[in-house]
Amino acid sequence: MYWLTTKTVVVSLPRWRSLAVLLRSPVHKFSFGSSPVLLRRRREQIHCLKERRVLNGTTRVSKKSKEMKTELDERNYSHVLWWKERLEMCRKPSSIQLVKRLSYSNLLGLDVNLKSGSLKEGTLNWEMLQFKSKFPREVLLCRVGDFYEAIGIDACVLVEYAGLNPFGGLRSDSIPRAGCPVMNLRQTLDDLTRSGFSVCIVEEVQGPTQARARKGRFISGHAHPGNPYVFGLVGFDHDLDFPEPMPVIGISHSAKGYFIVLVLETMKTFSVEDGLTEEALVTKLRTCRYHHLYLHSSLKHNSSGTSRWGEYGEGGLLWGECSRRNFEWFEGDPVADILSKVKELYGLDAEVTFRNITVYSEKRPRPLHLGTATQIGAIPTEGIPCLLKVLLPSNCTGLPVLYVRDLLLNPPAYNIASTIQATCKIMSNVTCSIPEFTCVSSAKLVKLLELREANHIEFCRIKNLVDEIIHMYQSSELSEILKLLTDPTWVATGLRIDFEILVNECKWVSDRIGQMICIDKESDQRTSSYPNVPTDFFDDMESLWKGRVKRIHLEEAFLEVEKAAEALSLAVSEDFLPIVSRVKASTAPLGGPKGDIMYAREHEAIWFKGKRFTPSVWAGTPGEEQIKQLRPALDSKGRKVGEEWFTTVKVEDALIRYHEAGEKAKGRVLDLMKGLSAELQCKINVLVFASVLLVIAKALFAHVSEGRRRKWVFPTLGEFHHLKGEKPLDKDDGMKLTGLSPYWFDVAHGNAVNNTVEMESLFLLTGPNGGGKSSLLRSICAAALLGICGFMVPAESASIPHFDSIMLHMKSYDSPADGKSSFQIEMSEIRSIISGATSHSLVLIDEICRGTETAKGTCIAGSIIETLDTIGCLGIVSSHLHGIFNLSLKTKNTVYKAMGTEYVNGQTKPTWKLIDGICKESLAFETAQKEGIPDQLIQRAEELYLSLYAKDAKYGKNLESSHYDQTSGIESGIFGAKIESMDRMDILMKEVESAITLICQNRLNKLYKQKTSMLSEVKCVLIGAKEQPPPSTIGLSTVYVIIRPDKKLYVGETDDLEGRVRAHRLKEGMHNASFLYFIVSGKSLACQLETLLINQLPKQGFQLINVADGKHRNFGTSHLPLELVNLPQ
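Residues numbered from 1 in each chain as written. Predicted model: local features only at pLDDT ≥ 70, side-chain atom pairs only at ≥ 80, totals over all residues. Heavy atoms only, no water.

**Student:** Where do I start with the overall build of the chain in this structure?
**Tutor:** When you go through the chain residue by residue, the secondary structure sums to 34 helices and 29 strands. Of the contacts formed within the chain by residues at least 6 apart in sequence, a portion of 72% connects residues at least 24 apart. Put simply, the chain shows about 52,300 Å² of open surface, and 51% of that area lies on carbon and sulfur atoms. (Helix = DSSP H or I, 4+ residues; strand = E, 2+ residues; numbered from the N terminus. Contact = heavy atoms within 4.5 Å. Areas by Shrake-Rupley, 256 points an atom, 1.4 Å probe, with all protein chains shown as cover.)

**Student:** I'm lost on the pattern of salt bridges in this one. Help?
**Tutor:** Side-chain pairs of opposite charge can arise whenever the charged atoms involved come near each other. Enumeration over the complete set of coordinates arrives at 40 salt bridges. Here Arg-137 ties to Glu-328 by a salt bridge, and the two come within 2.9 Å at their closest N and O atoms. Residue Arg-137 is located in the loop between helix H5 (124-134) and strand E1 (139-144), and its partner Glu-328 is located in strand E10 (residues 328-330); the two are separated by 191 residues in the primary sequence. Between Glu-555 and Arg-551 there is a salt bridge whose closest N-O contact spans 3.2 Å. The buried category is assigned to Arg-551, whose relative accessible area is 11%. Salt bridges sharing partners connect three or more residues here, namely Asp-239, Lys-444, Glu-458 and Arg-461. (Salt bridge = Lys/Arg side-chain N within 4 Å of Asp/Glu carboxyl O. Buried < 20%, exposed > 50% of the residue type's maximum accessible area, 1.4 Å probe, protein only.)

**Student:** Teacher, can you tell me more about the packing of helix H21 (residues 555-575) against helix H24 (residues 649-681) here?
**Tutor:** Packed helices, taken two at a time, are described by the angle their axes make and the gap between the axes. Axis separation between H21 and H24 bottoms out at 8 Å; the angle between their running directions is 160°. On the basis of the axis angle, H21 is roughly antiparallel to H24. Handedness of the H21/H24 crossing: left-handed. Among the residues forming the contact of H21 with H24, the class breakdown is 14 nonpolar, one polar and eight charged. (Axes fitted to C-alpha atoms, helices over the stretch in contact; angles between N-to-C directions. Parallel < 35°, antiparallel > 145°, perpendicular 65-115°, else oblique. Left-handed = near helix turned anticlockwise from the far one by under 90°. Nonpolar A, V, L, I, M, F, W, Y, C, P; charged D, E, K, R; others polar.)

**Student:** Please explain the environment of Pro-176 as it appears in this structure.
**Tutor:** Along the chain, Pro-176 falls in the loop between helix H6 (153-161) and strand E3 (177-181). Separated by 65 residues in sequence, Pro-176 and Asp-111 place their C-alpha atoms 9.5 Å apart. Those residues in contact with Pro-176 that sit more than four places away from it in its chain are Leu-98, Arg-101, Leu-102, Ala-150, Ile-151, Gly-152, Ala-155 and Cys-156.

**Student:** Just checking my understanding: could you explain the sheet that holds strand E28 (residues 1049-1054) for this structure?
**Tutor:** Spatially, the four strands line up as an open sheet ordered E26-E29-E27-E28, and their pairing is antiparallel. For this open sheet the edge positions go to strand E26 (1021-1023) and E28, each flanked by a neighbour on one side alone. Going from strand to strand, the sheet's axes swing by 25° on average, the running direction of each strand aside. In the sheet, strand E27 (residues 1037-1043) pairs with strand E29 (residues 1074-1080) via seven bridges, with the strands oriented antiparallel. Across the sheet, Tyr-1040 pairs through a bridge with Tyr-1077, a residue of E29. Contacts from helix H32 (residues 984-1007) reach E26, E27, E28 and E29 within the one sheet, and its direction differs from that of E29 by about 20°. (Pairing = 2+ DSSP bridges.)

**Student:** Which parts of the structure should I look at to understand H6?
**Tutor:** Since one α-helical turn is 3.6 residues long, residues separated by three or four positions face the same way. Of all nine residues in H6, eight are buried; the element is thus mostly enclosed. Taken residue by residue, H6 has Ile-153, Asp-154, Ala-155, Cys-156, Val-157, Leu-158, Val-159 and Glu-160 as its buried positions. Of the residues trailing H6, Gly-163 is marked for its positive phi of about 70°.

**Student:** Hey, could you run me through the sheet that holds strand E19 (residues 762-766) in this one?
**Tutor:** The strands making up a sheet associate through hydrogen bonds between their backbones, and the pairing can be parallel or antiparallel. On the basis of which strands lie adjacent, the open sheet formed by six strands has the order E21-E22-E23-E19-E24-E25 and mixed pairing. Both outer strands of the open sheet, strand E21 (805-809) and strand E25 (907-916), are each paired with one neighbouring strand and no more. Between one strand axis and the next, the sheet turns by 20° as a mean value, whatever way the strands run. Pairing of E19 with strand E24 (residues 895-904) involves four bridges; the strand directions are parallel. Paired with Thr-766 across the two strands is Ala-898, which belongs to E24. Of the strands in this sheet, E19, E21, strand E22 (841-845), strand E23 (874-878), E24 and E25 touch helix H26 (residues 773-789), which is tilted by about 160° from E21. In the packing of helix H27 (residues 822-836) onto the sheet, the strands contacted are E21 and E22, and the crossing angle to E21 comes to about 160°.

**Student:** Honestly, the environment of Ile-597 in this entry has me stumped. Any pointers?
**Tutor:** One can find Ile-597 in strand E12 (residues 594-600). Setting aside anything within four residues of it in sequence, one finds Ile-597 in contact with Asn-532, Pro-534, Val-572, Phe-576, Leu-577, Val-580, Ile-606 and Trp-607.

**Student:** Help me understand the pairing of E27 in this model?
**Tutor:** Regular strands show a simple pattern: their side chains alternate between the two faces of the sheet. With respect to burial, E27 is a largely interior element, seven of its seven residues being buried. Covered by surrounding structure in E27 are Ser-1037, Val-1039, Val-1041 and Ile-1043 together with Thr-1038, Tyr-1040 and Ile-1042, the residues of both alternating faces. In this structure, E27 lies alongside E28, joined through six bridges in antiparallel fashion. Among the inter-strand pairings, Ile-1043 is bridged to a residue of E28, identified as Leu-1049.

And the structure:
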């Protein structure tokens, strides 16, 4: 890239250094710098050079340091203010203390009066300031030895966001300094980019330097949110996790609505979209993690004519979204200015071009509104069934899921949707095996090939990618799929590539990689192995470059390494082996000589390690001559390693030769792989196209597999026949969903209630709480969206027109941050729906105008229904505002629909079925009771309700107006049951008493039919609320039934009725419970009758909470024939 060539500061040609430490690998195995052995030799050479200069009388004349000008120009001043705003958000005590020591007179924020704050020319601070001036809005990390250091403003950012401790603690007399060890760089970069910061990394030129000479440094790369640091990756077989790229976004107003431009620096691409609604724009911001956000000054003036953006109506939702994030204002042309800001932000040359990947289509549906996307789970939302989780199998993750999500949020044009559906239909009938579909991020491909950092793993992955394209092309069943997928891939990438060109280019890439890269392990690239040299040494040294490039391309380097390895083995055998043999031959007791040939991993050397092996008397025995040649082993800095490590001149020379040969071979391997990256970069468009195509193929195959498992179907997808603005009178323009099930239910398990929906106009839907209105709207919305995207739908059959927009509005919440009530939010969304709806739209509104008072809300709802009826869209408006039916609405195409109910065992229950007509029963009392509202509260509510509506109910009013003939008897019997008695508990008490008497009396008659003198009459006695049983029950066996406040029963028996009643009423919510009891002769009989009642009362429609007690092994009456106790109807 540009910044790697012209914007770096390089003193001499750098030796690439390892990033293995960044990838959490041992330092010794991954080092681009010279080996410690070579560093030791070069240090000796420098020392000799230094002595020669001294002998020649050479003196070093140091220049007088100059103080750098600290005045900021206007441009740099804006950068300092930018950093100052972000530092004001620091919350950690340590970072707050560091911020106080900053001086905003330079880009680093250094106070030159503090310790180590000098900015004199030639100092490290001055050098870092030069780098900072190139990328003033990036955190600067500078390599200093084994650390990456930051100073001033950047140090404060590291402490606050990367969790690092400041160097030197919190001393007030020193500038802020912080940093991380080399091995922790990756974690630090992740922490910073996750917090939204960009980072500029400066590396040192590795290798020895002259005394008092500063090491050369250069900008090795950048890390941005969604764009990781890849410097040095080419040298290691490590796979870098590459996140989804994060664009720079610009938003402005246009004549058509809202305009958005998204720029991806990694891909050098941009896309634009015009005519967006506010809700659709917010959806894009919610689902896209972006690097920077720019807002055009045109947004400051909204349609209400106010200069305060978001003050009234339009713009409020967008302002609420943007005000919580960091953004900057801009002016001028929305596209040109944003591209200019991206080049400035990333330090790109002004001549760098960006490719427009926008695919324009007039017939493409509008993007989903935020409410629609969240209410069907296209955007994961707590409490809402996630649509993405049912479209794909659980093992399908990553890029395919992102593609499906983006397709749902931005439905394709009719021709693309038809192509996707046709592709899926072919996939569902494929009988041959299919590829694994290698999924590679196209952004990762572009960056690694552009920076020449693609490693062996990535080349193998690229070959797999193009080989799978070739495999599909050569398969008779998959070839047609490959051809069809080129159109959806064109829309996703903005690239038009001819089918034959795609296949031919993939073949070329596959052949080229196959010629250069080792795909499988080759026998001629095994690491060296000699008996006298530890195997780990050769494995560590040669595994860095062997097995990557085919040997034919570096035969000379291979031979040189093999000869050097053999020479090293020979030197070790001659100099170390006799000593080892001498030590092993020693028969001295404990404390005798020790020694062996060892691999010093940290120093990448083969040395002799031993002690007490020097003879006390030199007698010319074997090994003495070699012992005399030993000298202490030194590290790369010329320091003695330890008292037990030794080497010889011959071994050191052999090590240097081996390392030089290894470095030469490794350098040759890296050069070849970098060259291959340059070759493949010329084919980058083909590779991007192929990678996206395989992602789409994997997503569609996964969807088809899951759809078949769930027994979903392909809908008939049709275009609208009428022109825009006309009413949808043609039946072909309607939507029919047969056997529609909620998308979150698995039809294959048979646990869903299916509905059939035939929609040719607008539906006005009524029904009880919990009757399935919201579920039906969600299901219809999801089915329609899946259909216009080309996917399978959860139904038995379906015919879906290609809507130009699908809008679902459900519950609204208030937004205190924006100062808006829930009704304001609802009206804002309704405004957007009405303004965007056409006769080609699907509009679904659940429980309209629920957030305001009933009378005016009813009128607003009626007006909205009239408006939608006039527009001629398909859709459903559900409501509990039954006053709508008393309004004189001017509608022509609106049809009344209801969610059905049925009357079972004295209770009204929903059927969850869509039927014709009107339903005014809300089941409000039943729903409240089901959710645990106290019984006394429900009873009082019923009394209040009857006091208001009993008169109307008595005379048949407030049921259904007679002019509605679509009711199908929905209300019949419901209100009669609700007002038949003023005290439903009394009715229940009498029903329970009657059942107890009949069941137990029949049982007693059977038991004592031969002993009539012992037959006793069952006589139930009531213990009402706040009452106790009489003393006459003391000492007698009784059977009792509790009538709980929730109208459920509990059956028991006891010999202490008073104590049992007291115990039950101590339980929560039971203090007003009523009891029915009767006395029996003996505990055995009481147990039998208790069991009998527990088993028989549920069969008479009563609810018991202790049904399990009826299976007690000692009771023995659970199988009493029901015909003995049938109650009269």
